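Survey of secondary and tertiary structure
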Amino acid sequence: GDSVTQTEGLVTLTEGLPVMLNCTYQSTYSPFLFWYVQHLNEAPKLLLKSFTDNKRPEHQGFHATLHKSSSSFHLQKSSAQLSDSALYYCACYYGNEKITFGAGTKLTIKP
Amino acid sequence: EAAVTQSPRNKVAVTGGKVTLSCNQTNNHNNMYWYRQDTGHGLRLIHYSYGAGSTEKGDIPDGYKASRPSQENFSLILELATPSQTSVYFCASGDGIQNTLYFGAGTRLSVL
């Protein structure tokens, strides 16, 4: 069935190091993929989303590439900042109005 | 101004009691969603709606009902609340073809 997998529950990095959060999906369709970010005591909000063409979405230094061959949409950033500490969710929209989220990755950036 | 508003923000209920969580959106989106958020499980879909009068079961609908009386309003109803339903509940509206979600601030529910 349709599902989204985020393998890391907790990621701790030192400021300035690169970030990569994993997301893989299972689907019989060609879905749209999203990354949402949730800061402490706030609601989740959209960080970036996949395009129908081959453009690579970018926002606030984060980018992600949809690889249909490996069913992946990993989130990356070249240099982590303290303000990047948050909960990150990968989500999948299968075109039937249903949107499924992964379990989330809590990212902590230390000085 | 918030486009998705949830009420109440906090709720303490007794086991076996009825709880209604309300959501109002001013985005004029057709789609609305109810999720619950629990550590280790992420955001899990309870019910969703395509528009006024429609409700659909999500991934974990047991113990919950939903009501969409208008484009703007979408309620989540716990007829017989249980402690396992203690959680943070988020309502969201969806914006169309790619269905980006816009979330409310959440409702923290404790069932004692």
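Residues numbered from 1 in each chain as written. Chains lettered and ligands numbered in written order. Predicted model: local features only at pLDDT ≥ 70, side-chain atom pairs only at ≥ 80, totals over all residues. Heavy atoms only, no water.

We now examine the overall build of chain B. For chain B, the helix and strand inventory stands at 0 helices and 11 strands. The C-alpha atoms of chain B give 13 Å as radius of gyration, which agrees with the globular expectation for 112 residues (13 Å, within 12%). Principal-axis analysis of the C-alpha atoms gives chain B an extent of 40 × 25 × 25 Å. Taking all 112 residues of chain B together, the buried fraction comes to 51%. (Helix = DSSP H or I, 4+ residues; strand = E, 2+ residues; numbered from the N terminus. Rg over C-alpha atoms; globule rule 2.2 N^0.38 Å. Buried < 20%, exposed > 50% of the residue type's maximum accessible area, 1.4 Å probe, protein only.)

Right, let's get into the pattern of salt bridges. For the structure shown, the criterion picks out 5 salt bridges over all chains. Of the charged contacts in the structure, one is a salt bridge between K77(A) and D84(A), with a shortest N-O distance of 2.8 Å. K77(A) sits in the buried class, given a relative accessible area of 6%. A salt bridge links E79(B) to K65(B); its shortest N-O distance comes to 3.2 Å. Residue E79(B) is found in the loop between strand 8 (75-78) and strand 9 (87-94), and its partner K65(B) is found in strand 7 (residues 65-67); the two are separated by 14 residues along the sequence. Look at E79(B) and you get partly exposed, because its relative accessible area is 35%. Given the relative accessible area of 45%, K65(B) is considered partly exposed. Each of R36(B), D38(B) and R44(B) takes part in one network of salt bridges that share partners. (Salt bridge = Lys/Arg side-chain N within 4 Å of Asp/Glu carboxyl O.)

Residue and element names in this part refer to chain A. Scanning the entire structure with this criterion turns up 2 disulfides over all chains. Paired by a disulfide, C23 and C90 hold their sulfur atoms 1.9 Å apart. Judged by the sign of its S-S torsion, about -65 degrees, the cystine formed by C23 and C90 is left-handed. With C23 in the loop between strand 3 (19-21) and strand 4 (24-26) and C90 in strand 10 (residues 86-93), this pair connects stretches of sequence that are 67 residues apart. The same class applies to C23 as to C90, namely buried. (Disulfide = S-S within 2.5 Å.)

A few words now on the confidence of the model for chain A. When pLDDT is averaged across chain A, the result is 89; 95% of the residues are at 70 or more. Here strand 7 (residues 58-59) of chain A stands out as the element of chain A with the lowest mean pLDDT, 77, in contrast to strand 12 (residues 105-110) of chain A, whose mean of 97 is the highest. (pLDDT = per-residue confidence, 0-100.)

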